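A look at the structure
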Amino acid sequence: MIAVAAPITTIHLVRHGEVDNPTGVLYGRSAGFHLTELGQEMAAGLAQTFSSDHDIRAVITSPLERAIETGAPTAQACGLQLATTSDLIEADNKFAGLPINDNHLKVLSPRFWPWYKNPFEPSWGEPYVRIVDRMSRAIRSALTAAVGGEAVLVSHQLPIWTLRRFIEGKSLAHDPRRRECSLCSVTSLTFVGRQLLSLDYWEPVGELLKRAHDMVPGTSVAAEKTSR
């Protein structure tokens with residue numbers, strides 16, 4: 001009997017592009033936040049990269065506008081129907097709606113102290129383990145949809161970074177300033193069958209980051225977004 005080799009499938013976890021957020025609030029899961037003109041340029045750059053050098057068989061995004069607008073150009077360029085799933089949505093956060101970057105000390109106000117009872121969960125937002133569970137579910141579904149090829153999954157910084165830390169066996173609690181997950185960055189997971197073979201991080205539109213503003217720049221060269 002001839003052994004059949006397991007298919008190699010790559011799942012690209014893409015963070016959305018720059019967001020139009022003039023008041024500099026932590027937008028979280030709030031609706032109505034679209035890409036800026038630069039964000040659209042980032043999305044177009046991703047589409048060019050994925051449609052010219054990759055075998056993209058599925059494009060799946062978070063249901064939030066900024067994620068859909070990031071993934072839509074790639075879906076169109078690859079001749080695919082874009083799909084959405086709540087498994088890729090931004091993490092829930094009690095600080096959503098606050099311009100926290102204008103003054104980082106405001107999050108230390110006594111009225112927020114009850115939210116800090118367990119920073120390792122974290123108690124101010126969606127538990128890390130729940131994020132890992134739903135992101136893993138999205139990846140399993142994409143492995144089926146794109147078996148033997150590649151899938152683009154557009155999500156958000158915290159879910160992508162949390163999953164990466166889980167894969168690397170690191171503590172899920174972390175310093176946001178150390179996240180390697182820039183705007184429109186790609187974290188690629190390559191599988192043989194259902195077994196993870198490798199994890200790679202790359203920035204196909206990295207040259208645009210020096211013009212960008214980001215709520216949580218992490219290790220990127222983008223400026224921190226404020227209302228000023």
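These lines cover the structure that appears in this document, whether it is placed above or below. These numbers were taken from a predicted model, which means no experiment stands behind them. (Residues numbered from 1 in each chain as written. Predicted model: local features only at pLDDT ≥ 70, side-chain atom pairs only at ≥ 80, totals over all residues. Heavy atoms only, no water.)

With that settled, the discussion passes to helix α4 (residues 157-167). In terms of residue burial, α4 counts as a mostly covered element, since 9 of its 11 residues are buried. Three or more residues of α4 are buried, namely Q157, L158, P159, I160, W161, T162, L163, R164 and R165. Against β1 (8-15), α3 (128-145), β4 (150-155), β5 (186-192), β6 (195-202) and β7 (213-214) lie the buried residues of α4. (Buried < 20%, exposed > 50% of the residue type's maximum accessible area, 1.4 Å probe, protein only. Helix = DSSP H or I, 4+ residues; strand = E, 2+ residues; numbered from the N terminus. Contact = heavy atoms within 4.5 Å.)

Our next topic: the pattern of salt bridges. Enumeration according to the criterion identifies 13 salt bridges in this entry. With a closest N to O distance of 3.3 Å, R211 and E41 form a salt bridge. Linking R211 in the loop between β6 and β7 with E41 in helix α1 (residues 37-53), this pair joins segments that are 170 residues apart in sequence. Residue classification places E41 among the partly exposed positions, given a relative accessible area of 35%. The salt bridge partner of R178 is D175, with a shortest N-O separation of 3.9 Å. Looking at R178, the relative accessible area reads 63%, which means it is exposed. Residues participating in the shared-partner salt-bridge network are R164, E168, K170 and E180. (Salt bridge = Lys/Arg side-chain N within 4 Å of Asp/Glu carboxyl O.)

Take A47: it is sitting in helix α1. Take A47: its relative accessible area is 6%, and that puts it in the buried class. Taking the C-alpha atoms as reference points, A47 and Q76, 29 residues apart in sequence, are found 8.2 Å from one another. Setting aside residues up to four positions removed in sequence, A47 forms contacts with P73, T74 and A77.

All right, on to the layout of surface pockets then. Looking at the largest pocket, its volume works out to about 970 Å³. Around the largest pocket, the lining is made up of 38 residues, and of these N93, I100, P176, R179 and V216 lie nearest the centre. Within the residue set of the lining of the largest pocket, elements represented by two or more residues are α3 and α4. A breakdown of the residues in the lining of the largest pocket according to their chemical character gives 19 nonpolar, 10 polar and 9 charged. For the second largest pocket, the calculated volume is near 190 Å³. Elements with a minimum of two residues in the lining of the second largest pocket: α3, α4 and β5. The element contributing the most residues to the lining of the second largest pocket is α3, with 4 residues. (1 Å grid on protein atoms, 1.4 Å probe; cavity = no way out; pocket = protein on both sides within 12 Å on 5 of 7 lines; lining within 4 Å. Points joined across faces, edges and corners; volume = space filled by probe spheres on them. Nonpolar A, V, L, I, M, F, W, Y, C, P; charged D, E, K, R; others polar.)

Before going further, it helps to examine unusual backbone geometry. That bond from E121 to P122 is cis: its omega, -5°, falls within 30 degrees of zero. For P122, the location among the structural elements is in the loop between β3 (83-84) and α3. Phi at C184 is positive, roughly 60°, even though this residue is not glycine. Position of C184 relative to the elements: it lies in the loop between α4 and β5. Judged by relative accessible area, which is 0%, C184 ranks as buried.

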